[in-house]
Amino acid sequence: MGPFLQYTVIGLTVGSFYALVALGYTIVYGIIRLINFAQGDLSMVGAYLGWTLLVALGFQHLPLPVAIVAAFVIPMLGTAVVNLGILQFAYKPLLKRSLLAILITALGMSLLLENLAEVIWGAAINAYPPDLLPSTGFAIGPVHVSYVQVALFGVSLLLMAGLYLFIQGTTIGTAMRALAVDHDAARLMGINVDQVIRLAFVLGALLAAASGVMLGLYYVQIQFTMGFLLGLRAFTAAVLGGIGNIPGAMAGGMIIGLLEAYTTGYLSGKWEDVVVFGVLITVLVVKPTGLFGERVAERM
Amino acid sequence: MIAERVARFMPPALGVWRSRALRVPFWIRVSVFLAVVGLSVGAYGDDYVTAVAVSVATYAMLGLGLNIVVGYAGLLDLGYAAFFAIGAYTAALLMTIGHWNFFAALPLAVIFTGVAGAIIGYPTLRLRSDYLAIVTLGFGEITRISFNNWDYAGGPNGVLDIPWPTLFGYQLSSQIAFFGVSLVLLALAMIFAQHLDNSRLGRGWVAIREDDFAAEAVGVPSLKLKLTAYVMGGMWGGLAGAFFATRIGAIDPTSFTFTLSVYVLLLVVLGGMGSLPGVLLGALVVVGLPEALRGFSQYRILAFSIFLIGMMLVRPQGLWPRIRRKPKPFYGMQDEESENVAIDILQEHQAEMERRDLKHAAARHKAPVDGEVLLQVEGMQRYFGGVKAVDGVSFEVKRGEIFSIIGPNGAGKTTVFNCITGVQRPTKGRVLFDGRPLNGLRPHQIVSRGVGRTFQGIRLFKGMAVFENVMVGLYPRHRTMTWQAMLHTPGERKDELRTLREARRWLQFLNIEDKAGLLATELSYADQRRVEIARALAAHPHLLLLDEPAAGMNPTEKMELLVMIRKIRDLGITVVLIDHDMALVMRVSDRIAVLDHGTLIALGRPDEIQKDPRVIEAYLGREEDDAELAEAAGH
């Protein structure tokens, strides 16, 4: 029982990072039916912006709360600006044309972000300040839980709850949900479609950047290629939960995190992806809309 | 596009030469082109250039395979590298451990990859396309990691010391020899792909890509066709993989990452989806451009990604898109007299029906004759959540009659059609056709049993010409096999010609032969309805279900429709009609069923229906209601 709970703690922590990125996939997909392949790389951008602040600009020497808040807020805003730029210059002109063209552009954008990061920050591994956060923790029986894990998990939950309330409770959130159901009807009801699309990209970027900074704080090391695997896992999580479905993406992220932790713990790290994708394929074959996806009815 | 632009500046004589060149069979053009490329690289290229050229050829083979999956069938595959890996490993293990010759290992590698494609494709291809993308991606990763963890195949080190191929005792070891082999394989891959594209398979794939649902409903076995595309694509990948293994001499799992899948997809899209020359050009750009930018080593992928994004903005259709020449569908075919056409159709249709009745009798079923029950609907129910769209409807349609279903909007008429044609499953109840149950069959199987249909909202294949739409309707009646299509055998050509001729006849039957070469979207509403009817008739149905064929037609067109429905019945086809135009329904029908709120409220001859108080009530409301209303208004 001890190891199992220990793996669960690790799985939930990592899973909450995946969930944040998966939410970005799901929100953007819900609005414009695009699998935004650059989502994972946005996370990488966030992680590097955080590193720049903390290490290169020396924010790590400021009082801890100030440093942490700055290391989250500024990268999140910066990444949002980057994502808006991507939307405006690369995706917007293609929105009315073939979806495949945007998909290819998104793949190209992922490559571009990765290689730009390599040019700007270098190919070597960059390290977050290791002793910024306390490395101690507490024990519940045989299970060791570090304060960092609790804090990061808490921040993730907070962000997710905020997103959920925003989408369920505000007018613009309602507009987003309406747009996800029917573009034309939403437009006829006077919803500013462009604005909602921009909002979706901003939200996706905010969440991705936050997860990037958290990954940096948790694993300490970051590299320009980190976005790829993160994006892949998060994409899997979004589909597993039923793409377009917000609670589904959260649950999917947690499930992927747990699967990964259990596989590494009980089997071997090298089978991680096989198990993750194996479960995904099995779920989709049995329930083609994902765990929480709704059936799409077609009218003839 | 480019070709057109070039053609404009060419003197007319060159234009003539160009059209003559296009009349040369594709396989000769490809062989000549690749031979010229091979000779010029052989004559002028050094080892480096030749090595790059071999890589381009390998990627082009991969691109051709993925083009079948993505370009033709419209299935987004993000794990294509898996096939490349399986082909490479199969060949490598056979050649190292089994000491097989490359040319013996190659076919086995191709077949084995195809089998792997079938195994993974069968359960997953019914998924929606975005989901398919992630499943294929997962398959690609699982394959790579499995090879990485599989000690027998060398684990992370892979398979080393793969021998070079020997041909008639002569060992191929120079780059130029490999280039020769790769060109031969590439030529085969291109020619087969082109043949498939121009066969009934290609047509079926386009139909599925345009409208999966409508394709299935007019008789195209969509799942089987998707699987065929997937397996074919896999085999092409296996071919490229086997070649790659022997050429490199050592393979390991890092050669088969997700990045490779993405690059192959990129080259297909860059070149122009579905376009064969586009694939070659795309391979040249994707492999060649980073090589040409080698001087800037650090920035070359960066430059490549910027180029890619810019390209999508400026030219999303690709560098060498598939050109749609204005089709001349019946060019060189003899004109037939319209009377002959009618007689031919009648004869052919009756022969077809007799054939089916015989087959039916052989299966120990009694085929109904005229006046006996052909279609039997027993207690059909269909609920959508709490909504009872159809709630216990029973009726019988006799062979040779025109039977109409009418009722107010939302009465459940179309749902009855959908349940008969297998598009929706009835919640409860049975549908018998020719005395045999249709329940549980897939729509295309029901079509081949002899039930054709049209749709309330027209569902033609928009990107296809009118005659191609009708040819898709002939899909269930083809007799050629996939291998015949691939080799473009005389039998296949004859079958294609027969199909074309029949499609033309049906278009003549419906008086729209002159529009055969237009795109479906260029037609008027009434003509689109006619094409839908032609498409449904092309499968020679026993029973034709017409869903609001008169909607959107003007009075003249409605009159023509009325004549047409009778003409169809005179072929011996039983017609079931849904329509709101009472004048049409009352004049054309032998019997009428009236639905309201999902239940059958009346059934009988038109004159009986017109007098039925329940029908009048359903359409006009009750007289008491009016009285009450009048009272309420203060009279």
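Since the model is a prediction, treat every value here as computed from it, not as a measurement. (Residues numbered from 1 in each chain as written. Chains lettered and ligands numbered in written order. Predicted model: local features only at pLDDT ≥ 70, side-chain atom pairs only at ≥ 80, totals over all residues.)

## Considerations on the overall build of chain B
And step 1. Along chain B, the regular secondary structure elements total 25 helices and 12 strands.
And step 2. Viewed in the frame of its principal axes, chain B has a C-alpha envelope of about 100 × 60 × 60 Å.
And step 3. Every one of the 635 residues in chain B was classed for burial, and the buried ones make up 48%.
And step 4. Long-range pairs, those at least 24 residues apart, make up 75% of the contacts in chain B between residues at least 6 apart in sequence. (Helix = DSSP H or I, 4+ residues; strand = E, 2+ residues; numbered from the N terminus. Buried ≥ 20, exposed ≤ 12 C-beta atoms within 10 Å, placed from the backbone. Contact = placed C-beta atoms within 7 Å.)

## Notes on the overall build of chain A
And step 1. Each helix and strand in chain A was counted, giving 11 helices and 4 strands.
And step 2. Taken over the C-alpha trace, chain A has a radius of gyration of 19 Å; the compact-globule value for 300 residues is 19 Å, and the two agree within 12%.
And step 3. The C-alpha extent of chain A, read off along each of the three principal axes, is 60 × 45 × 35 Å.
And step 4. Here chain A holds 300 residues, and the buried ones make up 49% of them.
And step 5. Taking the intrachain contacts of chain A between residues at least 6 apart in sequence as the baseline, contacts between residues at least 24 apart amount to 76%. (Rg over C-alpha atoms; globule rule 2.2 N^0.38 Å.)

## Overview of the pairing of strand E3 (residues 373-384) of chain B
All names here are of chain B.
And step 1. Pairing of E3 with strand E4 (residues 387-398), which is carried by 9 bridges, proceeds in the antiparallel orientation. Pairing of Tyr383 across the sheet is with Lys388, part of E4.
And step 2. Between E3 and E4, which pair antiparallel in sequence order, lie 2 residues; one of them, Gly385, sits at a positive phi of approximately 60°.
And step 3. Direction of pairing for E3 relative to strand E6 (residues 428-433): antiparallel, over a ladder of 5 bridges. Bridged to Glu378 within E6 is Arg430. (Pairing = 2+ DSSP bridges.)

## Topic: the sheet that holds E6(B)
All names here are of chain B.
And step 1. On the basis of which strands lie adjacent, the open sheet formed by 4 strands has the order E4-E3-E6-E7 and antiparallel pairing. Strands at the two margins of the open sheet, each flanked by one partner only, are E4 and strand E7 (436-437).
And step 2. Most of the contacts of helix H15 (residues 413-420) go to E4, to which it runs at about 65°, and overall it touches E3, E4 and E6. (Axes fitted to C-alpha atoms, helices over the stretch in contact; angles between N-to-C directions.)

## Remarks on the environment of Arg459(B)
Residues and elements named next belong to chain B.
And step 1. Turning to its location among the elements, Arg459 is positioned in the loop between strand E8 (451-453) and helix H17 (466-473).
And step 2. Residues Arg459 and Leu308, spaced 151 residues apart in sequence, show a C-alpha to C-alpha distance of 35 Å.
And step 3. Residues within four places of Arg459 in sequence aside, it is in contact with Asp211 and Ala214.

## Thoughts on the sheet that holds strand E5 (residues 402-406) of chain B
All names here are of chain B.
And step 1. Pairing within the open sheet is mixed, and its 6 strands lie in the order E8-E9-E10-E5-E11-E12. For this open sheet the edge positions go to E8 and strand E12 (599-604), each flanked by a neighbour on one side alone. Looking at each pair of strands side by side, their axes are set apart by 20° on average, direction ignored.
And step 2. Bridge count between E5 and strand E10 (residues 574-578): 4 bridges; the pairing is parallel. Looking across to E10, one finds that Ser404 is bridged to Leu577.
And step 3. Contacting E5, E8, strand E9 (543-547), E10 and strand E11 (591-596), H15 runs over the sheet at an angle of about 145° to E9.

## Observations regarding the interface of chain A and chain B
And step 1. Contacts between the two partners involve 35 residues from chain A, matched on the other side by 34 residues from chain B.
And step 2. Looking at the side of chain A that touches chain B, the elements that each hand over two or more residues are helix H4 (99-121), helix H9 (226-241) and helix H11 (272-286) of chain A.
And step 3. Per element, the largest residue contribution to the side of chain A that touches chain B is 12 residues, and it comes from H4(A).
And step 4. Partitioned by chemical class, the residues of the side of chain A that touches chain B number 25 nonpolar, 6 polar and 4 charged. (Nonpolar A, V, L, I, M, F, W, Y, C, P; charged D, E, K, R; others polar.)

## Points about the confidence of the model for chain B
And step 1. Chain-level statistics for chain B give a pLDDT mean of 86 and a share of 93% at 70 or above.
And step 2. This prediction of the complex comes with two scores: 0.85 for pTM and 0.86 for ipTM. (pLDDT = per-residue confidence, 0-100.)

## Points about the packing of helix H3 (residues 64-91) of chain A against H4(A)
Residues and elements named next belong to chain A.
And step 1. Two numbers describe how H3 lies on H4: the axes approach to 11 Å, and their chain directions differ by 130°. By the angle between their axes, H3 is oblique relative to H4. Where H3 crosses over H4, the two elements pack in a sense that is right-handed. When H3 is examined against H4, the residues Ile86, Ala90 and Tyr91 are found in contact with a partner set consisting of Ile102, Thr105 and Met109.
And step 2. Of the residues that constitute the contact of H3 with H4, the class distribution is 5 nonpolar, 1 polar and no charged. (Parallel < 35°, antiparallel > 145°, perpendicular 65-115°, else oblique. Left-handed = near helix turned anticlockwise from the far one by under 90°.)

## Section: the packing of H17(B) against helix H19 (residues 490-509) of chain B
Residue and element names in this part refer to chain B.
And step 1. The interhelical angle for the contact between H17 and H19, taken along N-to-C directions, is 110°, at an axis separation of 9 Å. Compared by their axis directions, H17 and H19 come out roughly perpendicular. Judged by the sense of rotation from one axis to the other, the crossing of H17 with H19 is right-handed. In contact with Val466, Phe467, Val470 and Met471 of H17, H19 contributes Thr499, Leu500, Ala503, Arg504, Trp506 and Leu507.
And step 2. Tallied by class, residues from the contact of H17 with H19 come to 8 nonpolar, 1 polar and 1 charged.

## Topic: H19(B)
Residue and element names in this part refer to chain B.
And step 1. Taking 1.5 Å per residue as the helical rise, H19 with its 20 residues ought to reach 28 Å, and the 28 Å between its terminal C-alpha atoms agrees with that figure.
And step 2. Buried within H19 we find Glu492, Asp495, Thr499, Glu502, Ala503, Arg504, Arg505, Trp506, Leu507, Gln508 and Phe509.
And step 3. Positioned one or two residues after H19, Asn511 has a phi angle of 60°, which is positive. (Expected span 1.5 Å × (residues − 1).)

## Topic: the environment of Arg566(B)
Residue and element names in this part refer to chain B.
And step 1. Structurally, Arg566 can be placed in helix H21 (residues 555-570).
And step 2. For Arg566, a count of 13 C-beta atoms within 10 Å gives the class partly exposed.
And step 3. Residues Arg566 and His365 lie 201 residues apart in sequence; the distance between their C-alpha atoms is 28 Å.

## Observations concerning the environment of Thr489(B)
All names here are of chain B.
And step 1. Here Thr489 shows up in the loop between helix H18 (482-487) and H19.
And step 2. Overall, Thr489 belongs to the partly exposed group, with 15 C-beta atoms counted inside 10 Å.
And step 3. Sequence-wise, Thr489 and Val54 are 435 residues apart; in three dimensions their C-alpha atoms are separated by 31 Å.

## Section: the confidence of the model for chain A
And step 1. Residues at a pLDDT of 70 or more form 98% of chain A, whose mean pLDDT is 89.
And step 2. Note on residues 296-300 of chain A: pLDDT under 50 across the span, and 6 contacts to partners over four residues away in sequence or across chains.

## Some thoughts on the domain arrangement of chain B
Residue and element names in this part refer to chain B.
And step 1. On domain assignment, one finds that chain B holds domain 1 (22-258), domain 2 (369-450 + 541-635) and domain 3 (460-539).
And step 2. Elements supplying a minimum of two residues to the side of domain 2 that touches domain 3: helix H16 (443-449) and H21.
And step 3. Across the side of domain 2 that touches domain 3, the residue classes tally to 6 nonpolar, 2 polar and 1 charged. (Domains from an automatic or database assignment.)

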